[in-house]
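Structural characterization, general
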Amino acid sequence: MATWEELVADKKNELIRKTTDALVAYALRTVAVPAALTTHTVGPPEAITFNALPAGWEVLGHMNTDGVQMGREVAQSTINSLGAAAPTRTDVSTDTTTLTVTLQETNFHTILLASGVDAAGIVPTVNSGELHIDKPLAPAVRAYRLLALAFDRNPTTGGEIVIGRLLPNAKVTSYAQQ
């Protein structure tokens, strides 16, 4: 027979993550996915360093304190059979991951994502920096790669912890008020 303390002894506070910083980067679907986010050097001294994102990836800047919210919606289809009280087959019909972020910076990339236009041919005026975007009546739904990285520190060791999520076929589907 076990005591309560023995049953809950495997709870580990050091495994509770709290994001203290984050970034979201995007790229066109034709741009390569980063092969590795870090490089390990055996040493001495031993070190783990971050790799730069490959060309074509753009960091979208500051976000509000809600950070990056990830969601998941899974739909299933079931088949019921005569004589069986429970479904005899269940298949996943859709599995959708959502990423919600409120970006705070007004920069070239956030403007493009919010307006739904193609970046090709849009160049700020050299002297004034003016940017003219003709928003289409029915913008095309564009697909991108999105990379979300959440940063934390291990409270015991002080080591850096980064958790990443890659969405290889992401689409902007809703917009907050500006």
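Residues numbered from 1 in each chain as written. Predicted model: local features only at pLDDT ≥ 70, side-chain atom pairs only at ≥ 80, totals over all residues. Heavy atoms only, no water.

**What about the packing of aromatic side chains?**
A complete count under the given rule lists one aromatic pair for this structure. Here Tyr 26 and Tyr 144 contribute two aromatic rings whose centre-to-centre distance is 5.5 Å and whose plane-to-plane angle is 75 degrees, an arrangement assigned as edge-to-face. Here the residue Tyr 26 occupies a position in strand β1 (residues 21-28), and Tyr 144 occupies one in strand β7 (residues 143-153), the gap between them amounting to 118 residues. Owing to a relative accessible area of 9%, Tyr 144 belongs among the buried residues under this scheme. (Phe/Tyr/Trp six-rings, centres within 6.5 Å; stacked < 30°, edge-to-face > 60°. Helix = DSSP H or I, 4+ residues; strand = E, 2+ residues; numbered from the N terminus. Buried < 20%, exposed > 50% of the residue type's maximum accessible area, 1.4 Å probe, protein only.)

**As for the environment of Lys 11**
Here Lys 11 shows up in the loop between α1 (4-7) and β1. Judged by relative accessible area, Lys 11 falls into the exposed class, the value being 65%.

**Concerning the side chain of Asn 107**
Within the fold, Asn 107 resides in the loop between β6 (89-100) and α2 (108-115). At 3.0 Å, the side chain of Asn 107 forms a polar contact with the backbone nitrogen of His 109. (Polar contact = N/O pair within 3.5 Å; in protein donor to acceptor, adjacent residues only side chain to side chain.)

**A short note on α2**
Taken residue by residue, α2 has His 109, Thr 110, Leu 112, Leu 113 and Ser 115 as its buried positions. Between the side-chain oxygen of the N-cap and the backbone nitrogen of His 109 there are 3.0 Å, and the N-cap of α2 in question is Asn 107. Note on α2: the residue one or two positions beyond its end, Gly 116, has a positive phi of about 75 degrees.

**Some words on the pattern of salt bridges**
If you walk through the whole model with that rule in mind, you get four salt bridges. Ionic pairing is found between Asp 152 and Arg 17, a salt bridge with its closest N-O pair at 2.9 Å. Pair noted here: Asp 152 is in strand β7 and Arg 17 is in the loop between α1 and β1, with a separation of 135 residues, a long-range link. Using a relative accessible area of 29% as the deciding quantity, one classes Arg 17 as partly exposed. (Salt bridge = Lys/Arg side-chain N within 4 Å of Asp/Glu carboxyl O.)

**Structural notes on the confidence of the model for the protein**
Per-residue pLDDT for the protein has a mean of 90; in total, 99% of the residues score no lower than 70. Here α2 stands out as the element of the protein with the lowest mean pLDDT, 86, in contrast to strand β4 (residues 58-59), whose mean of 96 is the highest. (pLDDT = per-residue confidence, 0-100.)

**Details of the layout of surface pockets**
Volume-wise, the largest pocket comes out at about 1,000 Å³. Lining the largest pocket are 32 residues; nearest its centre among them are Val 101, Leu 103, Val 172, Ser 174 and Tyr 175. Put simply, the parts of the chain that give the lining of the largest pocket at least two residues each are β1, β6, α2, β7 and β8 (160-171). Looking at the lining of the largest pocket, its residues break down into 17 nonpolar, 13 polar and two charged. By volume, the second largest pocket amounts to about 470 Å³. Contributing to the lining of the second largest pocket are 25 residues, with Thr 19, Asp 21, Ala 22, Val 68 and Ala 150 lying nearest its centre. A total of five residues in the lining of the second largest pocket trace back to one element, the largest contributor, which is β7. (1 Å grid on protein atoms, 1.4 Å probe; cavity = no way out; pocket = protein on both sides within 12 Å on 5 of 7 lines; lining within 4 Å. Points joined across faces, edges and corners; volume = space filled by probe spheres on them. Nonpolar A, V, L, I, M, F, W, Y, C, P; charged D, E, K, R; others polar.)

**Some thoughts on the sheet that holds β8**
Judged by pairing direction, the sheet is antiparallel, and its four strands sit side by side in the order β4-β1-β7-β8 without closing on themselves. A strand with exactly one partner marks an edge of an open sheet, and here the two such strands are β4 and β8. Bridge count between β1 and β4: two bridges; the pairing is antiparallel. Looking at the pairing, Tyr 26 lines up with Glu 58 of β4. (Pairing = 2+ DSSP bridges.)

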